[in-house]
Amino acid sequence: MSRQTPAHIPVDHAGQLANHAAIGLSALESLPQAIAVLDPHCRVKYVNRLAHSLCASPGPCRMLCGYWQFLEEDAQARLEELVRNVCVPGRSSTIGGGFRMRSGEGPPLQVSVLPLKASHPLASPRSVPLALVFIVASQSASFAASHVIADQLGLTATEARLAASLAAGKTVFDFAALQRCTMHTARSHLKNLMRKTGCRRQFDVVRLVQSLQAG
């Protein structure tokens, strides 16, 4: 395989990713995280502006012949492992993972890999599962806003607020009181949230949302 970066980066904005305009490409471009959508072989299906900038020399990444690569071999091996793990068809309980990597003279990078739900607007119309990769500088430390959680995980606004509330250390009872709804309604939102994210425990929901942190 040639080791020269191609002049044209084959980022698929139309056919491979169905209806991503439904949530607005501009919203993805303005997020504080570098975002890449990869297939099981780490082929690039989408990158936002920040992800693209990481590939500029002497950045920590590159897109070579349509594949995403970290220059650090250990980081690339870990990325490939996580992407394979979350891109298993039918494995609804997969919640992803993450790791830190060096970034030259800059701050370390936090890499989080999540499964892209088939029901999500960014998902491929084909049956091939995709991975959603977030890359941020570890010195950043703000939680993703609920609308970002909703967009990235394919949740309703209420389900995303519940996910953010749980990640902030609140209980379902606290959420019901804040939303002025019954516990039955709050538990119904929790059930839908866990079904859509493939989580089996509230702890898994917290860990998933924390993977969307900017750091």
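Here goes a summary of the coordinates provided. What you are looking at is a predicted structure, and each value in this text was computed from that prediction instead of being measured.

Examining the overall build of the protein chain
- Looking only at helices and strands, the protein chain has 8 helices and 7 strands in total.
- The buried share of the protein chain, reckoned over its 215 residues, is 49%.
- When contacts within the protein chain are restricted to residue pairs at least 6 apart in sequence, long-range pairs at least 24 apart make up 59% of them.
- Working note: accessible area of the protein chain is about 11,000 Å², and carbon and sulfur atoms make up 52% of it.

Some remarks on helix α6 (residues 172-179)
- Residues Val172, Phe175 and Ala176 constitute the buried set of α6. The buried residues of α6 occupy an angular sector of 100 degrees when the element is viewed end-on, so they sit on one face. Residues of α6 that are exposed and point more than 90 degrees away from the buried face comprise Phe173 and Leu178.
- Buried-residue contacts for α6 involve α5 (157-167), α7 (183-197) and α8 (202-210).
- Where α6 begins, the side chain of Thr171 points an oxygen toward the backbone nitrogen of Phe173, at a separation of 3.3 Å.
- Among the residues trailing α6, Arg180 stands out with phi positive, at a value near 55 degrees.

With respect to the packing of α5 against α8
- One can describe the packing of α5 onto α8 by two numbers: an axis separation of 8 Å at closest approach and a directional angle of 95 degrees. Put simply, α5 runs roughly perpendicular to α8. Of the residues in α8, those touching α5 at Ala163, Leu166 and Ala167 are Gln202, Val205, Val206, Val209 and Gln210.
- Counted by class, the contact of α5 with α8 contains 6 nonpolar, 2 polar and no charged residues.

Considerations on the sheet that holds strand β2 (residues 44-47)
- Ordered in space as β2-β1-β7-β6-β5, the 5 strands form an open sheet in which the pairing is antiparallel. Each of the sheet's edge strands pairs with one partner strand only, and the pair in question is β2 and β5 (97-101). Here the average twist between neighbouring strands, direction ignored, is 20 degrees.
- Where β5 meets strand β6 (residues 109-116), 5 bridges bridge the pair, whose relative direction is antiparallel. By the bridge assignment, Gly97 is partnered in β6 with Val113.

Side note on the pattern of salt bridges
- The final tally for this structure, using the stated rule, is 3 salt bridges.
- Across the salt bridge formed by Arg78 and Glu81, the nearest N and O atoms sit 3.0 Å from each other. You can see Arg78 and its partner Glu81 sitting in helix α3 (residues 73-86), 3 residues apart, about one turn around the helix.
- Lys196 serves as the salt-bridge partner of Glu159, at 3.0 Å between the closest nitrogen and oxygen. Taken together, the residues Glu159 in helix α5 and Lys196 in helix α7 connect sequence positions 37 residues apart.
- Residue class for Lys196 comes out partly exposed when judged on its relative accessible area of 24%.

Observations concerning the nonpolar core
- Counting 29 residues, the largest nonpolar core has Ile149, Leu166, Leu190, Leu193 and Val205 as its most contacted members.
- Elements represented by at least two residues in this core include exactly β1 (34-38), β6, β7 (130-137), α4 (146-153), α5, α6, α7 and α8.
- If one sorts the elements of this core by residue count, α5 sits on top with 5 residues.
- Listed in part, the 27 residues of the second largest apolar core include Cys42, Val44, Cys55 and Phe70.

Let's talk about the packing of aromatic side chains
- One pass over the structure, following the stated rule, counts 2 aromatic pairs.
- Relative to Phe70, the ring of Trp68 lies with its centre 6.2 Å away and its plane at 85 degrees, an arrangement referred to as edge-to-face.
- Between the aromatic rings of Phe70 and Phe99, the centroid separation amounts to 6.3 Å while the plane-to-plane angle is 90 degrees, which identifies the pairing as edge-to-face. In this pair, Phe70 sits in strand β4 (residues 67-70) while Phe99 sits in strand β5, placing the two residues 29 residues apart along the sequence. The same class applies to Phe70 and to Phe99, which are both buried.
- An aromatic cluster is defined as three or more aromatic residues linked by ring pairs; in this entry it consists of Trp68, Phe70 and Phe99.

Calculation rules
- As a convention, each chain's residues are numbered from 1 in the sequence order in which they are written.
- Predicted model: local features are reported for residues with pLDDT of at least 70 only, side-chain atom pairs are reported and counted for 80 or more only, and whole-chain, interface and lining totals are derived from all residues.
- As a rule here, side-chain values come from all non-hydrogen atoms in the structure, and water together with hydrogens is ignored.
- Runs of H or I in DSSP of at least four residues are treated as helices and runs of E of at least two as strands, each being numbered from the N terminus.
- Each residue's exposure class comes from its accessible area (1.4 Å probe, protein chains only) as a fraction of the maximum for that residue type: buried when under 20%, exposed when over 50%, partly exposed otherwise.
- Should any heavy atoms of two residues lie within 4.5 Å, those residues are considered in contact.
- Here the open area of atoms and residues is found with the Shrake-Rupley method and a 1.4 Å probe, where only the protein chains shown may cover a residue.
- It is the directions from the helix axis to the C-beta atoms that the arc portrays.
- Here a polar contact is recorded for every N or O atom pair within 3.5 Å, except that within protein the pair must consist of a potential hydrogen donor and a potential acceptor, and residues adjacent in sequence are included only if both atoms are side-chain atoms.
- Axes, fitted as lines to C-alpha atoms, cover a helix only where it is in contact. Angles between the N-to-C directions of the axes lie from 0 to 180 degrees.
- Oblique is the label for every angle not falling under 35 degrees (roughly parallel), over 145 degrees (roughly antiparallel), or within 65 to 115 degrees (roughly perpendicular).
- Residue classes follow a fixed rule: Ala, Val, Leu, Ile, Met, Phe, Trp, Tyr, Cys and Pro count as nonpolar, while Asp, Glu, Lys and Arg count as charged, and any other residue, Gly among them, counts as polar.
- Should DSSP find at least two bridges between two strands, the strands are regarded as paired.
- Salt bridges are defined as contacts in which a side-chain nitrogen from Lys or Arg sits within 4 Å of a carboxyl oxygen from Asp or Glu.
- In these notes, a set of buried Ala, Val, Leu, Ile, Met, Phe, Trp, Tyr and Cys residues joined through side-chain atoms within 4.5 Å is what counts as a nonpolar core.
- Only the six-membered ring of Trp is used, alongside the rings of Phe and Tyr, when aromatic pairs are assigned; centres must lie within 6.5 Å, and planes under 30 degrees apart are stacked while those over 60 apart are edge-to-face, with the rest tilted.

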